[in-house]
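Spelled out from the first residue to the last, the chains are:
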Amino acid sequence: MAYRLSLSRMDELLEKMRESYTIYAPMRFEKRGRYSDTDLVRYDKIRSVRDIVYDEKSHFSPKEVIHPITQALFHFTEFEYRESEVDERPVLVFVRPCDIHGIQRLDTMFLENGDAADPYYKRLRDKVKFVLMECGKGWDTCFCVSMGTNRTEDYSLAVRFAGEELLLEVKDPSFRPLFASEKTADFRPEFVSANRLTVRLPEIKSRDVLEKVHALPLWESYDTRCLSCGACTAACVSCSCFTTSDVAYSENGRSGDRRRVWASCLHKDFTVMAGGHGFRKTPGERMRFRTLHKVYDFRARFGGADMCVGCGRCTDRCPQLISFAATLNRLSGEVDRLNAEAAAATGVSV
Amino acid sequence: MNHDIDIKKLQVNCFRQSKVPGEFMLQMRAPGGVVQAKYLAVVQHIADTWGNGQLHLGMRQTFSIPGIKYENIEAVNEYLRGYIEEVEVASCDVNMDVNEGGYPTIGARNVMACIGNSHCIKANIDTLSLARKMEKLVFPSHYHIKMSIAGCPNDCAKATFNDFGIVGIAKMEYDYDRCIACERCVETCASHATRVLSLENGKIVKDVCCCVGCAECATVCPTGAWTRRPTKFYRVLIGGRSGKQYPRAGKIFLNWVTEEVLLAVIGNWQAFSAEVLNHQPRYLHGGHLIDMAGYEKFKEWILKGVKLNPEAEVAERLYWTETEYRSNIHVKPVCGVD
Amino acid sequence: MTANIFKPDPYRIADIVHETELEYTFKVEAGVKVDHGQFFQISLPEIGEAPISVSGIGRDWLEFTIRKVGKVTHRLFSLRRGDRLFMRGPYGNSFPLDEFRGKDLVVIAGGTGVSPVRSLLKHYFDHLDEIRSLHFIAGFKDRGSILFADDLKDFAARFHAIYTLDKEAIPGFQSGLVTEHIRKIPFAGFADYNVVIVGPPVMMRYAALECLKNGVSKERIWMSFERNMSCAVGKCGHCKINETYVCLEGPVFNYTKAEQLLD
Ligand code: SF4
Ligand code: SF4
Ligand code: SF4
Ligand code: SF4
Ligand code: SF4
Ligand code: FES
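Residues numbered from 1 in each chain as written. Chains lettered and ligands numbered in written order. Predicted model: local features only at pLDDT ≥ 70, side-chain atom pairs only at ≥ 80, totals over all residues. Heavy atoms only, no water.

Q: Where do I start with the domain arrangement of chain B in this structure?
A: It is common to report an interface's size as the accessible area lost on association of the parts. Residues and elements named next belong to chain B. For chain B, the assigned domains are domain 1 (7-92), domain 2 (112-147 + 161-166 + 233-314) and domain 3 (172-228). In this complex, domain 2 contributes 6 residues to the contact, which on the side of domain 3 involves 9 residues. Summing both partners gives a buried area of about 500 Å² for domain 2 against domain 3, and 30% of it is carried by carbon and sulfur. Three residues stand out in domain 2 for area buried against domain 3, namely Lys-122, Asn-124 and Trp-256, and they jointly supply 70% of the buried area on that side. For the interface between domain 2 and domain 3, the tally reads 1 salt bridge. Here Glu-216 makes a salt bridge to Lys-122, at a shortest N to O gap of 2.9 Å. Our count for the contact surface shared by domain 2 and domain 3 stands at 5 residue pairs in polar contact (both at pLDDT 80 or more). Residues that form the side of domain 2 that touches domain 3 fall into these classes: 3 nonpolar, 1 polar and 2 charged. (Domains from an automatic or database assignment. Contact = heavy atoms within 4.5 Å. Buried area = accessible area lost by both parts, 1.4 Å probe. Salt bridge = Lys/Arg side-chain N within 4 Å of Asp/Glu carboxyl O. Polar contact = N/O pair within 3.5 Å; in protein donor to acceptor, adjacent residues only side chain to side chain. Nonpolar A, V, L, I, M, F, W, Y, C, P; charged D, E, K, R; others polar.)

Q: Would you mind going over the site of ligand 5 with me for this structure?
A: The full set close to ligand 5 counts 14 residues, and Cys189(B), Cys211(B), Cys214(B), Ala215(B) and Cys217(B) are the nearest of them. Looking at side-chain class alone, the shell around ligand 5 contains 10 nonpolar, 2 polar and 2 charged residues. (Near = heavy atom within 4 Å.)

Q: Could you clarify how one ought to interpret the pairing of strand β9 (residues 197-200) of chain B in this entry?
A: Taken residue by residue, a regular strand's side chains alternate between the two faces of the sheet. Residues and elements named next belong to chain B. One ladder, built from 4 bridges, connects β9 with strand β10 (residues 203-206); its direction is antiparallel. Within β10, the residue paired with Glu-200 across the bridge is Lys-203. Counting the residues in the hairpin turn of β9 and β10 gives 2 residues, including Asn-201, whose phi is positive at 60 degrees. (Pairing = 2+ DSSP bridges. Helix = DSSP H or I, 4+ residues; strand = E, 2+ residues; numbered from the N terminus.)

Q: Explain helix α7 (residues 207-214) of chain A here, please?
A: For an α-helix the count is 3.6 residues per turn, leaving residues at separations of three or four pointing the same way. All names here are of chain A. All buried positions along α7 are accounted for by Val-209, Leu-210, Val-213 and His-214. Buried residues of α7, seen end-on, are gathered within an arc of 150 degrees and therefore sit on one face of the element. Contacts made by the buried residues of α7 are with α10 (283-302) and α12 (324-345). (Buried < 20%, exposed > 50% of the residue type's maximum accessible area, 1.4 Å probe, protein only. Arc of directions from axis to C-beta.)

Q: Explanation requested: the interface of chain C and chain A in the structure shown.
A: On the chain A side, the residues contacting the 43 residues of chain C number 52 residues. The junction of chain C with chain A conceals about 4000 Å² of combined surface from both sides, 56% of it contributed by carbon and sulfur atoms. Interface area lost by chain C to chain A is led by Glu46(C), Lys235(C) and Asp263(C), which between them contribute 17%. Connecting chain C to chain A are 3 salt bridges. For Glu49(C), the salt bridge goes to Arg258(A), with nearest N and O atoms at 3.2 Å. Along the contact surface separating chain C from chain A lie 21 residue pairs in polar contact (both at pLDDT 80 or more). Counting residues per element, the ones that place at least two in the side of chain C that touches chain A are β3 (39-44), β4 (48-57), β6 (84-91), β14 (244-245) and α6 (246-249) of chain C. Considered class by class, the residues forming the side of chain C that touches chain A number 18 nonpolar, 13 polar and 12 charged.

Q: Mind showing me how you'd approach the nonpolar core here?
A: Here is a general trend for soluble globular proteins: nonpolar side chains tend to be buried in one another's company. Core analysis: the largest hydrophobic core is formed by 105 residues, its most contacted members being Phe179(A), Ile108(C), Val195(C) and Ile197(C). If you tally residues by element for this core, the top one is helix α3 (residues 97-112) of chain A, at 6 residues. Residues within four places of Phe179(A) in sequence aside, it is in contact with Tyr3(A), Leu5(A), Met10(A), Leu13(A), Met17(A), Leu168(A) and Val170(A). (Core = buried A, V, L, I, M, F, W, Y, C linked by side-chain atoms within 4.5 Å.)

Q: So what exactly am I meant to see when it comes to the domain arrangement of chain C here?
A: Residues and elements named next belong to chain C. What the domain assignment lists for chain C is domain 1 (9-91) and domain 2 (97-258). Each of domain 1 and domain 2 was reduced to a C-alpha centroid, and the two centroids are 21 Å apart. Contact residues are listed per partner, giving 20 residues for domain 1 and 21 residues for domain 2. Buried area between domain 1 and domain 2, both sides added, is near 1600 Å², and the carbon and sulfur share of it is 57%. Broken down residue by residue, the surface that domain 1 buries against domain 2 is led by His-36, Phe-39 and Ser-55, which jointly contribute 31%. Where domain 1 packs against domain 2, one counts 1 salt bridge. A salt bridge links Arg-118 to Glu-63; the shortest N-O distance between them is 2.8 Å. Considering every element that reaches the side of domain 1 that touches domain 2, the biggest residue donor is β4, with 7 residues.

Q: Looking at this model, I keep getting lost on the packing of helix α8 (residues 269-276) of chain B against helix α9 (residues 286-293) of chain B. Mind explaining?
A: A pair of packed helices is captured by two measures, namely the crossing angle of their axes and the spacing between those axes. Residues and elements named next belong to chain B. Packing of α8 against α9 brings their axes to within 10 Å, and their N-to-C directions diverge by 55 degrees. Here α8 is positioned oblique relative to α9, judged by the angle of their axes. In this structure, the crossing between α8 and α9 has a hand that is left-handed. Here α8 contributes Trp-269, Phe-272, Ser-273 and Val-276 to the contact with α9, which in turn contributes Gly-286, Leu-289, Ile-290, Met-292 and Ala-293. Its residues assigned to classes, the contact of α8 with α9 comprises 7 nonpolar, 2 polar and no charged. (Axes fitted to C-alpha atoms, helices over the stretch in contact; angles between N-to-C directions. Parallel < 35°, antiparallel > 145°, perpendicular 65-115°, else oblique. Left-handed = near helix turned anticlockwise from the far one by under 90°.)

Q: Please explain the packing of α8(B) against helix α10 (residues 295-302) of chain B as it appears in this structure.
A: Residue and element names in this part refer to chain B. Put simply, α8 and α10 touch, their axes get as near as 9 Å, and they point 135 degrees apart. Classed by the angle they form, the pair α8 and α10 counts as oblique. Once α8 is placed against α10, the crossing between them reads as right-handed. Mapping the contact onto sequence places Trp-269, Ala-271, Phe-272 and Glu-275 in α8 and Phe-298, Trp-301 and Ile-302 in α10. Along the lines of polarity and charge, the residues of the contact of α8 with α10 split into 6 nonpolar, no polar and 1 charged.

Q: I'm lost on the site of ligand 4 in this one. Help?
A: With respect to spatial proximity, 14 residues lie near ligand 4, and among them Cys179(B), Cys182(B), Glu183(B), Cys185(B) and Cys221(B) are the closest. Per-class residue counts for the shell around ligand 4 are 11 nonpolar, 1 polar and 2 charged.

Q: Just checking my understanding: could you explain empty space enclosed by the protein for this structure?
A: If you roll a probe as big as a water molecule over the atoms, it shows you where there is empty space left. Residues and elements named next belong to chain A. Within the structure shown, the criterion is met by 10 cavities of 30 Å³ or more. Put simply, the largest cavity is a space of about 120 Å³. In terms of lining, the largest cavity is formed by 16 residues, of which the most central are Cys-226, Cys-232, Met-287, Cys-318 and Ile-322. Within the residue set of the lining of the largest cavity, elements represented by two or more residues are α9 (231-235) and α10. Here the residues of the lining of the largest cavity are counted per class, giving 12 nonpolar, 3 polar and 1 charged. Contributing to the lining of the second largest cavity are 14 residues, with Arg-96, Cys-98, Cys-135, Cys-142 and Cys-144 lying nearest its centre. Here the lining of the second largest cavity is built from residues that sort into 8 nonpolar, 4 polar and 2 charged. (1 Å grid on protein atoms, 1.4 Å probe; cavity = no way out; pocket = protein on both sides within 12 Å on 5 of 7 lines; lining within 4 Å. Points joined across faces, edges and corners; volume = space filled by probe spheres on them.)

Q: Honestly, the sheet that holds strand β1 (residues 9-18) of chain C in this entry has me stumped. Any pointers?
A: The strands making up a sheet associate through hydrogen bonds between their backbones, and the pairing can be parallel or antiparallel. All names here are of chain C. Read around the closed barrel, the 6 strands follow the order β1-β2-β5-β4-β3-β6; overall the barrel is antiparallel. Strand-to-strand, the axes of this sheet are offset by a mean angle of 45 degrees, without reference to chain direction. In the packing of helix α3 (residues 114-126) onto the sheet, contacts are made with β4 and β5 (61-67), and the angle to β4 comes to roughly 35 degrees.

Put into structure tokens, the structure is as follows:
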């Protein structure tokens, strides 16, 4: 079923929804952007549909809601580690199609990798329902179509904003009663079917080519360009890495929190062990790791899709103007050449 | 040639005497150092028609056009009318009569500024709009004052070497939960600023006393944990100057003042100058007037009626550190001089 | 809620042995089934967690030999007998004892790399009949960094042992890097055999190359990897190399796999 609602009517219904749900959406934080007099658009709890920034892509992804930047795991004393509490209320979060795919990638990491599901991820993830926001034309750094993440059916509600009105598809039956007396409409969300950017993915066909990809001089160009700041991974909806540490509350350090905070494979200490030995020492090596992680390793391990969902936020946020799309296209060009060389060497005619 | 020219009068009219008798250099104001590029045609026309075809980018961000003959000054002034109307009155809302006589005074000098946050990634303030507001407050006035506005504590605008130097600063806010302990801000504050940040217990602590408000931390923070408070803040340095006798860097007079406070202070400038000079404008720059009044008196006059914002800090006293080209320069005869 | 895989449990410290100034062995009362080569996440409230490999396995105790390098290990050094420490584990795979059975075994260890193989060696010390022979090369930097001196003496009596210090020779120890002694192993005389190499990354690389040079095939070589690890359960991403998670598929890798792990 779909409905046509004025924003004020929607706000009334939202108020009702807020009785049982915590609702997150991209919001504008005026003048809180990286540079002076620029805004920051990121997720937070909304009170009105007018709070939702729907006509811009958020700088940070909705993953913050499910995989918080800082999350307490345990409260400890000298004698025990006690599991942290969680707000039991279900969560509704306004997202883009690519975000839904991105969160599916997080599901793979947190719920499937290893022998058991991550209890902290699961306890938040289980309560989340998606409200899909249409993208209109999309934005100039998007490449969801290339990644196959431009469409999805995995949502509870879908919305199109149209000035003082909105169109809402209600898919999840549990929301139907709420809208029973609203004016119906003929609405299904439309998905972006072409981006301004096209990204070609590297087709690494053999072990030998993979080794040559590792040795490409391409990566060295990032030694001077990339700051290893991790702004790209912080914005990324599918980046999942974290670091766990203990924090004492008190001077004597006898009680405190064990918590996890996001980590980034671009940071120089990511692979450094106690004692100081690290494995990926240059920005270029770390860029190579991240790139292959996003478009090769993840698929090699789990099959199916790549980890990157083409949201383009990494490009939007890179202070050095490194475009991930351009990086991928450059890499794919090199891989084509390596594949052709390999084919020529084995005598297979091309 | 037999000249008989009142060069003082021309100086006030913004024409500077040349070593070639009878020639002058026009200094055209450009508040904040920005004008529409179309005015280059005006500049070119003056230089080609009445000047010697050259343009000097003036040290105080004026368009300086040398080689103008005395007999052409009237024509130049008439031609300038449109420029002054548009740049001073229309853009800066300066309260003045524009006529065919050119600039009415050279007293308050062109307000300088770096490009500011309309372009620069380091800037914390919109220097241009501030320059225009300040132009309205000080021009036209016969009291001499040099002011410059820097978008951030890098001070590319050399605010430190002006009578009044304004530096755009930001109050930083830290979102504890957004911080991922990457220490980018710690490293950047140490290498670019005052080394006031450190990582303790997995989060950042700050030695607030000495933060210069540059916002480098916000610029590098990958998660947006550091952000600028939306309100703009300013640092005001006073008494900086160059010169043959005792040049010196300016000292901090006000810190963390809001725009409202800043403009109220600048608004008091003319009254302060009039008080010090007995309502007789002289060719003496602001720093000298502060010296004459003494810091205490200056502070009293310039803050008259100004309601400071809660964050504002005011210098209790100032310790000048002049470069004394001649030692004992402050030791002067007390009797026998007028 | 699902069982919390991150929850550490308290264990009592039964004994602490000072191996060197920088390395202590902690004996912990724990009746947990552990295989040789596995590791635990050891934690202390306020300090955090660190992956530590098991250096000794008993029926109701475990030993961990810890070097004072990081925050966690530093704090561990102030603990005393009877104190508690928190652990979760065991994690990772282990040395393939079934594969070793009935064959000759060569163990090459450098520095702290001796800890992860110590329990394996102790096992064969008691069950030498499980394998045909054991050749053991252990290298340390200098006399101050020798670990498990008593065990080494025992091992020398039962195994073909070569002990070496980087730059000096003392009674019981020759001089030179472990790699320089590898050619002394009678690989050609073995019918079937395996080689275990454990130590710092650079040492492992050169020791493996030296083995290859001496005709050892890749399939026979096993290595134990050390990585920065934060979760040990395949979630945090720190230990990942290509599509491999060292905490899940490692830390023990056959060389055919190890050589494919490109950092
Ligand atoms: S990549 Fe852009 S256009 Fe595509 S789903 Fe995401 S936000 Fe929408
Ligand atoms: S790598 Fe970039 S484009 Fe891909 S999902 Fe992450 S932020 Fe989006
Ligand atoms: S945001 Fe840009 S500069 Fe920073 S780590 Fe990522 S690629 Fe490098
Ligand atoms: S740069 Fe940002 S995320 Fe990193 S330590 Fe500083 S405040 Fe935290
Ligand atoms: S604003 Fe303050 S804390 Fe931030 S970098 Fe500048 S001096 Fe350091
Ligand atoms: S240690 Fe966390 S994924 Fe392996």
